[in-house]
Amino acid sequence: MEKIEHPLTTALSRAWWVLMLRGAAAIAFGLLTWFQPKISLATLVLLFGIYAVADGGLAIWTALSGRREHDHWWLLLLRGVVGVAAGSLAFVAPGITALALLFYIAVWALATGVLEIALAIRLRKEIQGEWLLILAGLAAVLFGYFLLARPGEGALALLRMIAVFAVFFGGIFVLLGFKMRRFVKRMTPR
């Protein structure tokens with residue numbers, strides 16, 4: 001068996017299925033939002049909360065399961081904590097206004113995007129295809145910026161954009177999960 005010299009790659013490749021679950025959660029959130037255009041604000045807040053807690057929880061699990069193997073596990077942990085905190089706030093205060101939801105999602109997207117880019121930069125010497133993580137991070141940052149730049153439109157007017165972003169972001173994570181799965185198969189002796 002070939003020794004894997006990059007511990008962060010080892011942790012991510014072992015948890016390829018977690019990446020796929022994170023992507024599937026994002027895709028499910030996006031599709032529900034797309035096909036329910038008359039969704040109420042409270043339902044949108046709860047859907048976002050469920051997605052953010054699930055995504056953040058899976059990121060935390062991945063970080064903690066690989067903390068002994070790499071020095072930069074804290075980036076993934078921090079990214080997960082941001083997601084769980086954002087999702088928890090949705091459950092604690094579901095009656096927030098559309099404008100508050102807009103800023104709430106924008107800040108979450110910006111923080112998530114920056115942390116995904118930082119993680120990709122750390123991985124660039126360990127794996128090929130880190131550009132998928134950079135692309136996901138850039139998409140999150142651009143999405144967050146757009147929401148902040150147009151606050152008057154409100155969260156309900158941006159439902160389709162939120163749905164497209166979630167499906168795009170989730171698709172990238174599903175692709176990354178498949179890539180990590182192939183990496184594990186390549187490293188496993190036959």
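Residues numbered from 1 in each chain as written. Predicted model: local features only at pLDDT ≥ 70, side-chain atom pairs only at ≥ 80, totals over all residues. Heavy atoms only, no water.

**Student:** Help me out: how do you make sense of the overall build of the chain in this one?
**Tutor:** A tally of helices and strands in the chain yields eight helices and zero strands. Reading the chain from its N end, one meets helices and strands in the order α-α-α-α-α-α-α-α. Residues counted as buried form 46% of the 190 residues belonging to the chain. Counted over contacts in the chain with a minimum sequence separation of 6, partners at least 24 positions apart contribute 81%. For the chain, the accessible area works out to roughly 9,400 Å², and carbon and sulfur atoms hold 70% of it. (Helix = DSSP H or I, 4+ residues; strand = E, 2+ residues; numbered from the N terminus. Buried < 20%, exposed > 50% of the residue type's maximum accessible area, 1.4 Å probe, protein only. Contact = heavy atoms within 4.5 Å. Areas by Shrake-Rupley, 256 points an atom, 1.4 Å probe, with all protein chains shown as cover.)

**Student:** I would appreciate a short explanation of the side chain of threonine 33 in the present structure.
**Tutor:** Within the fold, threonine 33 resides in helix H2 (residues 16-35). On the basis of relative accessible area, threonine 33 is assigned to the buried category, the value being 1%. Each residue touching threonine 33, except ones within four places of it in the same chain, is listed here: Leu44, Leu47, Leu159 and Ala163.

**Student:** Would you explain helix H4 (residues 73-92) in this entry?
**Tutor:** What sets the pattern is the α-helix's 3.6 residues per turn: residues three or four places apart point alike. Given a rise of 1.5 Å per residue, 20 residues ought to cover 28 Å, and the 28 Å separating the end C-alpha atoms of H4 matches this to within 8%. The set of residues buried in H4 consists of Leu75, Leu76, Arg79, Gly80, Gly83, Ala86, Gly87 and Ala90. Buried residues along H4 cover an arc of 135° about the axis, so they all sit on one side. (Expected span 1.5 Å × (residues − 1). Arc of directions from axis to C-beta.)

**Student:** Whenever I open this one, the confidence of the model for the chain confuses me. Can you help?
**Tutor:** Predicted coordinates in areas of low pLDDT are best not read in detail. Chain-level statistics for the chain give a pLDDT mean of 81 and a share of 83% at 70 or above. Across the chain, H4 holds the top mean pLDDT of 89, while helix H7 (residues 154-157) sits lowest at 57. (pLDDT = per-residue confidence, 0-100.)

**Student:** Sorry, what's going on with the pattern of salt bridges here?
**Tutor:** Where charged atoms from two side chains of opposite charge approach closely, those side chains can pair. Throughout the structure, instances matching the rule amount to four salt bridges. Here glutamate 116 and arginine 22 are joined by a salt bridge, their closest N and O atoms 3.2 Å apart. In this pair, glutamate 116 is assigned in helix H5 (residues 98-123) and arginine 22 in helix H2, connecting sequence segments 94 residues apart. Judged by its relative accessible area of 1%, glutamate 116 is buried. As a salt-bridge pair, glutamate 116 and arginine 79 come within 2.4 Å of each other at their nearest N and O atoms. Residue glutamate 116 is located in helix H5, and its partner arginine 79 is located in helix H4; the two are separated by 37 residues in the primary sequence. Take glutamate 116 and arginine 79: they sit in the same class, and that class is buried. (Salt bridge = Lys/Arg side-chain N within 4 Å of Asp/Glu carboxyl O.)

**Student:** For this particular structure, what's the right way to read the nonpolar core?
**Tutor:** Side chains that are nonpolar tend, in soluble globular proteins, to be buried together. Ranked by internal contacts, the top residues of the largest apolar core, which has 41 residues, are Phe29, Phe48, Trp108 and Phe169. With sequence-adjacent residues up to four places away left out, phenylalanine 48 is seen in contact with Phe29, Ala86, Tyr104, Ile105 and Trp108. (Core = buried A, V, L, I, M, F, W, Y, C linked by side-chain atoms within 4.5 Å.)

**Student:** Would you mind going over a nonpolar patch on the surface with me for this structure?
**Tutor:** On the surface, a nonpolar cluster with roughly 450 Å² of combined accessible area is contributed by Leu31, Trp34, Phe35, Val164 and Val167. Breaking the nonpolar patch down by element, the ones donating at least two residues are H2 and helix H8 (159-187). Looking at the nonpolar patch element by element, the count peaks at three residues for H2. Turning to its location among the elements, phenylalanine 35 is positioned in helix H2. (Patch = residues over 30% accessible without salt bridge, like charges linked within 9 Å, V, L, I, M, F, W, Y side chains within 5 Å.)

**Student:** For this particular structure, what's the right way to read the packing of H2 against H8?
**Tutor:** The angle between the axes and the distance between the axes are what describe a pair of packed helices. Relative orientation of the contacting elements H2 and H8 amounts to 160°, with a least axis distance of 7 Å. Classified by the angle their axes make, H2 and H8 are roughly antiparallel. Both H2 and H8 take part in a crossing whose hand is left-handed. Residue composition of the contact of H2 with H8, by class: 22 nonpolar, six polar and three charged. (Axes fitted to C-alpha atoms, helices over the stretch in contact; angles between N-to-C directions. Parallel < 35°, antiparallel > 145°, perpendicular 65-115°, else oblique. Left-handed = near helix turned anticlockwise from the far one by under 90°. Nonpolar A, V, L, I, M, F, W, Y, C, P; charged D, E, K, R; others polar.)

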